[in-house]
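# Notes for the structure review
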Amino acid sequence: MPTECPAVKPPSTARACPVTNDASSEAKKAATAAIELDANDSDLWIDRAEIHAAASRFWEAVDDLNQAIDREPRRADALVIRAAAYRRLDTHELAREDL
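Residue numbers here run from 1 along each chain, matching the order of that chain's written sequence. With the structure being a predicted model, the display of local features is reserved for residues of pLDDT at least 70 and the display and counting of side-chain atom pairs for 80 or more, all residues being used for whole-chain, interface and lining totals. No hydrogens and no water enter the side-chain calculation; it runs on all heavy atoms of the structure.

## Remarks on the overall build of the chain
Helix and strand labels come from DSSP, where a helix needs a run of H or I of at least four residues and a strand needs a run of E of at least two; each type is numbered from the N terminus. Helices and strands together make up the secondary structure of the chain, namely five helices and zero strands. Scanning the chain from its N terminus toward the C terminus, one meets helices and strands in the order α-α-α-α-α. Of all 99 residues assigned to the chain, the portion counted as buried reaches 27%. Element-wise, carbon and sulfur atoms account for 53% of the exposed surface of the chain, whose accessible area totals about 6800 Å². Relative accessibility decides the category of a residue: with a 1.4 Å probe and only protein chains considered, values under 20% of the type maximum give buried, values over 50% give exposed, and everything between is partly exposed. Method for areas: the Shrake-Rupley scheme with a 1.4 Å probe, in which residue coverage is limited to the protein chains shown.

## Some points on the pattern of salt bridges
Whenever Lys or Arg places a side-chain nitrogen within 4 Å of a carboxyl oxygen from Asp or Glu, that contact is recorded as a salt bridge. Throughout the structure, instances matching the rule amount to nine salt bridges. With its nearest N and O atoms 2.6 Å apart, the salt bridge here joins Arg-48 to Asp-64. Taken together, the residues span a long stretch of sequence, with Arg-48 in helix 2 (residues 42-54) and Asp-64 in helix 3 (residues 58-71) at a distance of 16 residues. Judged on exposure class, the residue Arg-48 and its partner Asp-64 are both buried.

## Observations concerning the environment of Ile-81
Within the element layout of this structure, Ile-81 appears in helix 4 (residues 76-88). Along the sequence, Ile-81 and Leu-65 sit 16 residues apart, while their C-alpha atoms lie 7.9 Å from each other. In this analysis, two residues are considered to be in contact whenever any of their non-hydrogen atoms come within 4.5 Å of each other. Other than its neighbours up to four places away in sequence, Ile-81 contacts Ile-46, Glu-50 and Leu-65.

## Here we look at unusual backbone geometry
In this structure, Ser-56 is a non-glycine residue whose phi angle is positive, near 60°. Phi angles above zero are rare outside glycine, and Asp-90 is one such case at about 60°. Along the chain, the position of Asp-90 falls in the loop between helix 4 and helix 5 (92-98). Owing to a relative accessible area of 60%, Asp-90 belongs among the exposed residues under this scheme.

Below you can see the structure in the form of structure tokens.
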């Protein structure tokens, strides 16, 4: 029986619960549907980027963060998340440009 992740996790275990493929797929579908309803909403692009990143799909996360930043170039949260994704992709120069 798989171990369930607690709904509220203390900071020390925040990375201990992997995203299952099923949960990631369903979350991605919901986020994509939301983007289709309002593609100009930067928050929706960031939400889907975070879903991609949680599933280690970092280039897809970067693509969605680029969409958010195109819409709102001063979104510090999107820039920081994109820098983290670049770091995970070992593209450190691109990460530094975002910080």
